[in-house]
Amino acid sequence: MTSTLTVRRLDIASVEVTEVLEALDGEYRNRYREFYKDDIGAYPLTDFIAPDGAFVGILDGELLVAAGAIRRYDETTAEVKRMWTRDSHRRRGLAQRVLRELDTAAGELDYTRIFLTTGSRQPEAVALYRASGFEGGERRIPEFDLPVFAFEKPVNPAPVGR
């Protein structure tokens, strides 16, 4: 049986998204243990809705299997947050697809640049962002002496006639 994947803009306050954010928070807690801080609750949900943000999900039937969001970083820059892929659906290119959809959303919201950070305990994320055209490198958080990676890229121009 084959399934059809669909991409949708989702309400970040919905039950399905809340479950995803709880799973993501659990993953952060597990990976960063002594360095963990509540990144999920650090930003108001309104940051992730238009006109400043968007939340994109990929669904396998009715099951949310990959997601990501953007929020305003500055006047011309969207920041990627909340990247997540369900364990059972990893290594299938879904995160790259989410990034492409976030790029499109950023263009629709008139951003010209996308920025993101990820931690050193997420090497697969570092590889994903580099493979997706993001440029940048390692930075340190002095209070934890923990490296993080900061990346950015220009937003891809929207196709003509869109």
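Going by the structure above, here's the rest.
Read on for a plain summary of the structure. Since the structure is predicted, the reported quantities are computational estimates derived from the model, not experimental observations. (Residues numbered from 1 in each chain as written. Predicted model: local features only at pLDDT ≥ 70, side-chain atom pairs only at ≥ 80, totals over all residues. Heavy atoms only, no water.)

## Examining the overall build of the protein
Move 1: Across its full length, the protein holds 3 helices and 7 strands.
Move 2: The order of helices and strands in the protein, counted from the N terminus, is β-α-β-β-β-α-β-α-β-β.
Move 3: Sorting the 162 residues of the protein into buried and exposed places 44% on the buried side.
Move 4: In the protein, the proportion of contacts linking residues at least 24 apart, taken out of those at least 6 apart, comes to 60%.
Move 5: On the protein, roughly 9100 Å² of surface is accessible, and the fraction owed to carbon and sulfur atoms is 51%. (Helix = DSSP H or I, 4+ residues; strand = E, 2+ residues; numbered from the N terminus. Buried < 20%, exposed > 50% of the residue type's maximum accessible area, 1.4 Å probe, protein only. Contact = heavy atoms within 4.5 Å. Areas by Shrake-Rupley, 256 points an atom, 1.4 Å probe, with all protein chains shown as cover.)

## Re unusual backbone geometry
Move 1: The omega torsion of the bond from Ala50 to Pro51 falls at 15 degrees, within 30 degrees of zero and hence cis.
Move 2: With respect to the helices, strands and loops of the structure, Pro51 is situated in the loop between α1 (15-32) and β2 (54-60).
Move 3: Positive phi outside glycine occurs at Arg91, with the angle close to 70 degrees.
Move 4: Structurally, Arg91 is set in the loop between β4 (77-85) and α2 (94-108).
Move 5: We classify Arg91 as exposed; its relative accessible area is 85%.

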